[in-house]
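# Summary of the model geometry
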Amino acid sequence: MLPFVRACQVRGPVCTPTHEVVLLPTSPVTRLLACAALLAAAAAAQQLRAAPQICVIGPSAAASTPDEDPGAPVEMFENPNLDNYLRRSQSLLERGDFAGAIGLLQDVIEGRTVEVVAVRADEQQATPAPDEGPPEPEDPPAGRVDARQTVFSPDGRIFRPVGRLCQELLAQMPEVGVELYRTTHEYEAEQMLEAALEDGSIPALEQVANRYFITLPAGRAMVLLADRLMHAGRYRGAVQVLRDLLEVYPEQNRERLGVSPVWCEFKIALCLQLAGDVASAKQAIDGLAEEHAEESLRISGQLESIRELPTSSLFARDTVEIEAEHGVGRDGAWLADEDVELVPLWQYRFADEDPYKNPKPKNGQRGSIWIDGGARPTQMPFADRYGPATWVSFSRERRDGFVEPRALFLENFCLRMTDAASGLLLNAGDGAPEAPAAREGHPRVRIAAVDNALLRPVEDDARRYVVMGHSIHTSNSDAALKSSELVAYDKQTWERTWSSSDWLEGEDGLRGVTFLAAPTVFGTQLLIPSLRRDAYTLECLDRVDGRPRWHTPLHAGGTEFFKAPGTQVEVLGGTAYVLTNAGCIAAVDAFAGDLRWARRYERLDPIHKANVKKRKAKGRSEQRFGYRQQFAQAALDSFAPADLIAHEGKVVLAPCDGDVLMAVDAATGEPVWMLDANTSHAPYGRLEQVVGAGDGKLFVTSRTHLVCVELDGGLVRWMKQLPSWAGPKMSGRGRGAVVGGTVVLPDMRELLLFDVDGREPMRRLALPTFGESREPLQGSANVAVSGAWLALGFRGGVEVFSTAAMLRELAAATDDGLRKASYLTQAGDRAAAAAVLSEALARADAGPGRAQIARRLLSLVREQAARALAEGGLEAALSLLDDVREPMADRELRLNWHLARVELCKASGDLRAHEREQQQLYAYMEGR
């Protein structure tokens, strides 16, 4: 039996009277044609469409149509019916028919839109009675979004939230249109505001502002809402409301309400200060003082000059200026020295030297097994490719009145903290230090392309954060790909403060959420790109207790992989930028979680696309039979995973699934420039890895060259040829760094150094070994430079270096005698180190600290004496020990001092001296 068709409501967040239900024609032929048209429209709705452009809603993008992009289609949360409403509204606004446009836009805001849907023949048609309102709103199914999160695109590239667009279109009407809107809806808004004031809740005030945005009652609701949010401690939410009041709400209505822009800007700065975002607060209050220097505000009953607000107690309290590490090695300037020579400090070897090692194939097969799965593919990038995925970060910790440098890194899921100078292991987390062994045909726990953004130490002033994955043996399921847990450790005690597993339930609960990157700290929040029920989202957690605050759906689909490699969130000016590596980059308000825009980025250069054939997925061998599907590994199509780069209002991205390196405008998402990474005309070949940015330039590598690109216009400035890579071909060189005026690239047991201007020839900096030890760590590595420290993170461990000059500067800048002596010893100045310890010992009070200094002094003098014995004879060696006899008052230290003299005499072969020192040792032991 043929299905019949009905027209039904698209229900929004607000229940309002419905349009009349319209039944479609019922003749067999007409029904058949109607069903065919509806099915075709439904199928088209699953693909991203290139819609006709309209002028006011969004700028036109000179981009290819969606069907011309290779790879899996991106599924944006569109609604074709709402698109039609917006286009009709825009057409009416252009003709000056404000009444018609207001009616359509208000229908969309209130959810009074009519959509035609297909109904199965065995389903009952639900036609509401004429006197009945619409049915109660239902929660959207898992993986879908409600009407408030529906997006609209005028060009098939840039998508914006429908509700926000309706508010902006209404607010942009001329005054006659605004007044017409007020005439129509002012009374209803006033009634709704009175009910909200009686209710007294924040959501009630929000509903007034969202439903009747450009009325005077909505403006009063926004003023009250901002104050209520401030009193509730939701400072960032208050900032968003105040910004909407200043930037979007009609100016003439704001004047009628007597809302002062100066007062709003002051509240914004104060909220930012209270939220802990000191830098943004300072920028806001400095701008206010510059623009309105002659005005004043009454604060707490006292008249305050705006000119003096930046220095007032409101913006000076609870802030401490954090100095750089004594200015030593700032920006890694020491790497630019021609005669720089590295000093090896320490190395750490992981228990599993190659966590990405492939298992031995069985029965001649590799990478395939039948596992239970649903509609999503279980394909992932090759586990052993695309970098080492070991990151080292440096921080400082105050201890006993002194600031001491620390190195942080992850051994599998176990966070480790060492002394940056000595490598002494100080603390470790409770995560598993070894991943489950890879099994043939099973999903991998460790995948280098995924770990690039996940396994990074992140910390704030009170806690350290780690994302942990699957830690038990793998099985024939996708659990190894889904498992993720965010854990917060207290910085002082190293105990778990909270875990994301504490917050699984609720509307914003984290059950079924897979984190794709390490968190980004923003004020009192943590921002994490994630996969929630098959949709890519931005999750926001409270960094104090881990409580979920909000999540913003971005899109679904867009990748052949079970989950695309993640990228850490980049925050610029209160907006969080999220790259999914699955066809989309999005801008989300970091305060409230509102989607600003989402761009379906170009995977092929629009200029060169005609000469590029569509690529098929590499290595894909997925097949499906019933409810079982095959796990497989495949290659990434383009760039290795890379971070977003923000520069002067632009965001630069190098997606893993596209051949276009591009910069987009941070405010609108429009492309600023594009660079084809795979053009056959470039002499440097295919671009593969983003190194970093510095001095207004972006640095990218191909297999043969380092390429410099201008960040402002995308112009290629210069290229430098690289030496042939002798390491593992699949993992590449690793990830370099741009430090001050130097670009640093790893190259097995050396570093390649380039100046950012490209004027000087390439320099090589050898990586020294660590004395008598196992074979040095080799292969690809991640480079990290901070102050005087240079670290390389290999797959099997970590190596840390510095220079003698930097170590001497550190010694001169510290007041701690033990650390000063340690720096001088590593720099090779052992005599100076001994003098520092002797001086510190003379000042030290009796106790454990004095004994520790004395032990270090004796150990250092013994090393000096051993060298003096080889160069100047026994008398010179013994005289060094004689100089430190008096401080060795402790019995254990004095015994060690005597033993050191006995060993020197024995090493010299002087039997009489050896006998004499032994007798002195025995006499001391007997108390004589």
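These notes cover the structure that comes with them. Computed from a predicted structure; not experimentally measured.

## Some thoughts on the environment of Asp 97
Within the secondary structure, Asp 97 is located in the loop between α2 (80-94) and α3 (98-110). Note: C-alpha distance between Asp 97 and Gly 177 (80 residues apart in sequence) is 8.9 Å.

## Some points on empty space enclosed by the protein
Enumeration according to the criterion identifies 7 cavities of 30 Å³ or more in this entry. Taken as a whole, the largest cavity holds about 150 Å³ of empty space. As for the largest cavity, its lining consists of 18 residues, and the residues nearest its centre are Val 445, Asp 451, Leu 454, Gly 469 and Lys 563. Contributing elements (two or more residues each) for the lining of the largest cavity: α13 (448-454), β16 (463-468) and α14 (479-482). By residue number, the principal contributor to the lining of the largest cavity is α13, which donates 3 residues. Tallied by class, the residues present in the lining of the largest cavity amount to 11 nonpolar, 4 polar and 3 charged. Every residue lining the second largest cavity is counted, 14 residues in all, and those nearest its centre are Phe 350, Pro 355, Glu 411, Asn 412 and Arg 446.

## A short note on unusual backbone geometry
The backbone of Asn 412 shows a phi angle near 60°, a positive value even though the residue is not glycine. Counting through the fold element by element, Asn 412 comes out in the loop between β12 (402-411) and β13 (414-419). Of note in this structure, Trp 494 is not a glycine but carries a positive phi near 65°. Considering the arrangement of structural elements, one finds Trp 494 in the loop between β17 (485-490) and β18 (496-499).

## Some remarks on the sheet that holds strand β38 (residues 734-735)
With respect to topology, 5 strands assemble into an open sheet ordered β8-β45-β44-β43-β38, the strand pairing being mixed. Either end of the sheet is taken by a strand with one partner, and the two such strands are β8 (342-349) and β38. Where strand β44 (residues 789-793) meets strand β45 (residues 797-803), 4 bridges bridge the pair, whose relative direction is antiparallel. Among the inter-strand pairings, Ala 791 is bridged to a residue of β45, identified as Val 800. Together, β8, β44 and β45 form the strand contacts of helix α15 (residues 804-813), whose direction differs from that of β45 by roughly 75°.

## Digging into the environment of Ala 907
Relative to the elements of secondary structure, Ala 907 occurs in helix α20 (residues 891-908). Look at Ala 907 and you get exposed, because its relative accessible area is 59%.

## Regarding the pairing of strand β42 (residues 763-766)
Burial along β42 is one-sided: Arg 763 and Leu 765 are buried, while Arg 764 and Ala 766, pointing the other way, are not. Sheet topology places strand β41 (residues 750-755) next to β42; 4 bridges connect them, and they run antiparallel. Bridging from a neighbouring strand, Leu 753 pairs with Arg 763 of β42.

## Considering helix α5 (residues 175-199)
Where α5 bends most, at His 185, the angle is about 55°. By the burial criterion, the buried members of α5 are Gly 177, Val 178, Tyr 181, Arg 182, His 185, Glu 186, Ala 189, Met 192, Leu 193 and Ala 196. Elements that come into contact with the buried residues of α5 comprise α3, α4 (162-171), α6 (202-211), α7 (216-231) and α9 (251-257). With its phi angle positive at about 80°, Gly 200 sits one or two positions after the end of α5.

## Considerations on the packing of aromatic side chains
This structure, assessed with the given rule, holds 12 aromatic pairs. Arranged with centres 5.9 Å apart and planes meeting at 85°, the rings of Phe 213 and Tyr 249 form a pair that is edge-to-face. With a gap of 36 residues between them, Phe 213 in the loop between α6 and α7 and Tyr 249 in the loop between α8 (235-247) and α9 connect regions that are remote in the sequence. One exposure class covers both Phe 213 and Tyr 249, and it is buried.

Here is what the cut-offs are and how they apply
Every residue gets a number counted from 1 within its own chain, in the order that chain's sequence is written. The model is predicted, so local features are restricted to residues of pLDDT at least 70 and side-chain atom pairs to those at 80 or more, both for listing and for counting; the totals for chains, interfaces and linings are taken over all residues. As a convention, hydrogens and water are excluded, and side-chain values are obtained from all of the structure's heavy atoms. Only DSSP runs of H or I with at least four residues qualify as helices, and only runs of E with at least two residues qualify as strands; both kinds are numbered from the N terminus onward. Of the grid points, spaced at 1 Å and generated over the protein atoms alone, those admitting a 1.4 Å probe that cannot get out make up cavities, while open sets with protein on both sides within 12 Å along at least five of seven lines make up pockets; any residue with an atom within 4 Å of a point is treated as lining. Grid points are joined across faces, edges and corners, and a volume is the space filled by probe spheres set on the points. Just so you know the grouping, Ala, Val, Leu, Ile, Met, Phe, Trp, Tyr, Cys and Pro go in nonpolar, Asp, Glu, Lys and Arg go in charged, and all remaining residues, Gly too, go in polar. By this definition, two strands are paired if DSSP reports at least two bridges between them. Residue contacts are counted whenever heavy atoms from the two residues lie within 4.5 Å of one another. Geometry is summarised by axes, namely lines fitted to C-alpha atoms with helices restricted to the contacting stretch, and by angles between N-to-C directions that run from 0 to 180 degrees. Any residue under 20% of the maximum accessible area for its type is buried, any over 50% is exposed, and the rest in between are partly exposed; the area is computed with a 1.4 Å probe on protein chains only. One axis is fitted to the seven residues ending at the residue and one to the seven starting there. The bend at that residue is the angle between these axes. Aromatic pairs are defined between Phe, Tyr and Trp rings, using the six-membered ring for Trp, whenever the two ring centres lie within 6.5 Å; interplanar angles under 30 degrees are classed as stacked, those over 60 as edge-to-face, and all others as tilted.

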